[in-house]
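# Notes for the structure review
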Amino acid sequence: MFNKLQQKWKVSSSQLFLILCTFAVTGTTTAFISRSITSWVGFDEQTFWAWKLLLRLSILIFGYQFIILIVAFLFGQFPFFWNYEKKILRRLGILPVKQANLAIFASGKGSNAEKIIANFSNHPHIRVSLVVCNKVGAGVLDIAAAAGIESLLIDKETFRQAGEFAKKLKNQGITHIILAGFLWKIPSALVEAYPDKILNIHPALLPKYGGKGMYGENVHKAVIAAGDRESGITIHLVDEHYDHGKTIFQATVDVHPDETPESLAARIHVLEHEHYPRVISSWIS
Ligand code: GRF
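Let us look at the structure shown here.

So, how was this worked out
- Each chain has its residues counted from 1, following the order in which its sequence is written.
- Note on the predicted model: pLDDT of at least 70 is required for a residue's local features to be given, and 80 or more for side-chain atom pairs to be given and counted; whole-chain, interface and lining totals, by contrast, use all residues.
- Side-chain metrics in this entry use all non-hydrogen atoms of the structure; hydrogen atoms and water are not considered.
- The criterion for a residue being near a molecule or strand is simple. One of its heavy atoms has to lie within 4 Å of it.
- Pairing of N or O atoms within 3.5 Å defines a polar contact, subject to two protein rules: one partner must be a possible hydrogen donor and the other a possible acceptor, and residues neighboring in sequence count only if both atoms are side-chain atoms.
- To measure how exposed things are, a 1.4 Å probe is used in the Shrake-Rupley method; for residues, cover is taken only from the protein chains shown.
- Under this grouping Gly is polar, as are all residues other than the nonpolar Ala, Val, Leu, Ile, Met, Phe, Trp, Tyr, Cys and Pro and the charged Asp, Glu, Lys and Arg.
- The rule is short: rings of Phe, Tyr and Trp, with Trp giving its six-membered ring, pair when the centres are within 6.5 Å, and they are stacked under 30 degrees, edge-to-face over 60, tilted in between.
- Only DSSP runs of H or I reaching four residues or more are called helices, and only runs of E reaching two or more are called strands; each is numbered from the N terminus.
- Each residue's exposure class comes from its accessible area (1.4 Å probe, protein chains only) as a fraction of the maximum for that residue type: buried when under 20%, exposed when over 50%, partly exposed otherwise.
- The criterion is that NZ of a Lys, or CZ of an Arg, lies within 6 Å of the ring centre and within 35 degrees of the ring normal, and then a charge sits over that ring.
- By salt bridge we mean one thing: a side-chain nitrogen of Lys or Arg within 4 Å of a carboxyl oxygen of Asp or Glu.
- A pair of strands is treated as paired once DSSP finds two or more bridges between them.
- For a crossover, the right-handed case is the one in which the path from the first strand over the helix to the second runs clockwise, viewed with the strands pointing away from the viewer.
- What the arc covers is the set of directions going from the helix axis to the C-beta atoms.
- By definition in these notes, contact holds between two residues if any of their heavy atoms fall within 4.5 Å.
- Distance thresholds for patches are 9 Å for like charges and 5 Å for nonpolar side chains (Val, Leu, Ile, Met, Phe, Trp, Tyr), applied to residues having over 30% relative accessible area and no salt bridge.
- Only four residue types enter the tally: Lys and Arg on the positive side, Asp and Glu on the negative side; His and the chain ends are excluded.
- By convention, charge coordinates are those of NZ in Lys, CZ in Arg, CG in Asp, or CD in Glu.

Around the ligand, the structure places Gly-108, Lys-109, Gly-110, Ser-111, Asn-112, Gly-181, Ile-201, His-202, Pro-203, His-269 and Glu-272. Ile-201 is positioned such that a nitrogen or oxygen atom in its backbone is 2.9 Å from a nitrogen atom of the ligand. At 2.3 Å, a side-chain N or O of Glu-272 approaches an oxygen atom of the ligand. Calculation on the ligand without its partners gives an accessible area of 370 Å², and the protein chains cover 84% of this total. Of the residues assigned to the shell around the ligand, the class counts are two nonpolar, seven polar and two charged.

Structure representation (structure tokens):
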């Protein structure tokens, strides 16, 4: 359980200890303050129970948020808890929601890119700002042009200079990268510049049928040749290895006895279009 929390919050074991101390001290302090204030305002056994409950709950819910910041400061954990408070304030609409600017990396037909662009065209906080492509004449470039989205054609050399390329994306305000049929491996400098902010979709149930060379028809041929009765899609975070990062979402389709790579690809595409925009939206939120 502690390991899971450490991974979730991306903290060291000593920081996790200080965070848990903050929660514990805040809990007892808030309970003590709530009791003291209740008696200070003169509430006793004769007071109508609902008034007491209302006062106690207000202190426990709202007072807790202030007290936790003070205690966090004492434990040297203010930045961690302030981020956590900002999330609550954003959800309550008190702080403005951060704008997410997506760059879609694609080099094919771009049917996924098209669905994603359409899905976010009127979104209040998420917008597709850039399409990055490595193939002259790729369908995705027409899709970007039709939607009025800037596109960037890159060559291998630009991509190898990943540190510079990442800087360029950051200067353009890109906050997240969405891979939708992009075949080049993402260089580590780009992964480091966008930690847990790069998402990929793969047309199979990873970890099966992933890795170098496993794309498009090759994947579906391999699934059918292996006699699998089920295939599907995997949406995952991107790390330095092909098709390897943490899985965010999977959905399955049956593989029919008379299946061809084309028929399987078509059904997988339907599944991708149905889920990818929705998963991107909840991942960012
Ligand atoms: C999709 O099947 C996706 O899973 C894979 O590349 C394909 C891109 O298709 N990564 P499209 O260009 O979006 O139609």
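Here we come to the packing of aromatic side chains. According to the stated counting rule, one finds 16 aromatic pairs in the structure shown. Ring centres of Phe-23 and Tyr-84 lie 6.2 Å apart, and the angle between their planes is 80 degrees; this geometry places the pair in the edge-to-face category. Of the two residues, Phe-23 sits in helix α2 (residues 13–40) while Tyr-84 sits in helix α4 (residues 78–91), which places them 61 residues apart along the sequence. With relative accessibility at 34%, the residue Tyr-84 sits in the partly exposed group. Put simply, the rings of Trp-9, Phe-23, Phe-80, Phe-81 and Tyr-84 touch in pairs and so form one group of aromatic residues. Its end group placed over the ring of Tyr-194, Lys-170 keeps NZ or CZ at 4.2 Å from the ring centre.

Moving on, we come to the pattern of salt bridges. Pairing is possible between side chains that carry opposite charge, provided their charged atoms lie close to one another. Inspection of the entire model under this criterion finds six salt bridges. In this structure, Arg-160 and Glu-157 form a salt bridge, with 3.1 Å as the shortest nitrogen-oxygen distance. Taken together, the positions of Arg-160 and Glu-157, both in helix α7 (residues 156–160) and three residues apart, correspond to about one turn of that helix. Among the residues examined, Glu-157 registers a relative accessible area of 43% and is labelled partly exposed. A salt bridge links Glu-217 to Lys-221, with the shortest nitrogen-to-oxygen separation between them at 3.4 Å. Here the residue Glu-217 and the residue Lys-221 both occupy positions in helix α10 (residues 216–225), the gap between them amounting to four residues, near one helical turn. Using a relative accessible area of 44% as the deciding quantity, one classes Lys-221 as partly exposed.

We now examine the pairing of strand β3 (residues 150–153). In the sheet, strand β2 (residues 126–133) pairs with β3 via four bridges, with the strands oriented parallel. Each residue of the ladder has a partner; that of Val-131, found in β3, is Ser-151. Of the crossover connections in this fold, the one passing from β2 over helix α6 (residues 139–146) to the parallel β3 is right-handed.

For the rest of this paragraph, the subject is the pairing of strand β4 (residues 176–179). Here β4 shows no split at all, with His-176 and Ile-178 on one side and Ile-177 and Leu-179 on the other all buried. Alignment of strand β1 (residues 100–105) against β4, held across four bridges, turns out to be parallel. Considered in β4, the bridge of Leu-102 is made with His-176. Relative to strand β5 (residues 198–202), β4 is paired through three bridges, and the arrangement is parallel. The residue of β5 that forms the bridge with Ile-177 is Ile-198.

Buried residues of helix α8 (residues 162–171): Ala-162, Phe-165, Ala-166 and Leu-169, and no others. Buried residues in α8, looked at end-on, bunch into an arc of 100 degrees, giving them a common side. Of the exposed residues in α8, those oriented more than 90 degrees away from the buried face are Glu-164 and Asn-171. Packed against the buried residues of α8 are β1, β2, β3, α7, β4 and α9 (188–193). Where α8 terminates, the next one or two residues include Gly-173, which has phi positive at roughly 80 degrees.

For His-176, the location among the structural elements is in strand β4. On the accessibility criterion, His-176 (9% relative accessible area) is buried. In this structure, the C-alpha to C-alpha distance between His-176 and Ile-280, residues 104 residues apart in sequence, is 9.8 Å. In contact with His-176, other than residues within four places in its own chain, are Ala-100, Asn-101, Leu-102, Ala-103, Tyr-194, Lys-197, Trp-283 and Ile-284.

Time to look at a positive patch on the surface. A surface patch of like charges, here positive, comprises Lys-8, Lys-87, Arg-91, Lys-98, Lys-170 and Lys-197. Structurally, the position occupied by Lys-197 is in the loop between α9 and β5. The class for Lys-197 is partly exposed, based on a relative accessible area of 33%.

So, to be careful, I would describe these as geometric facts and stop short of saying anything about function.
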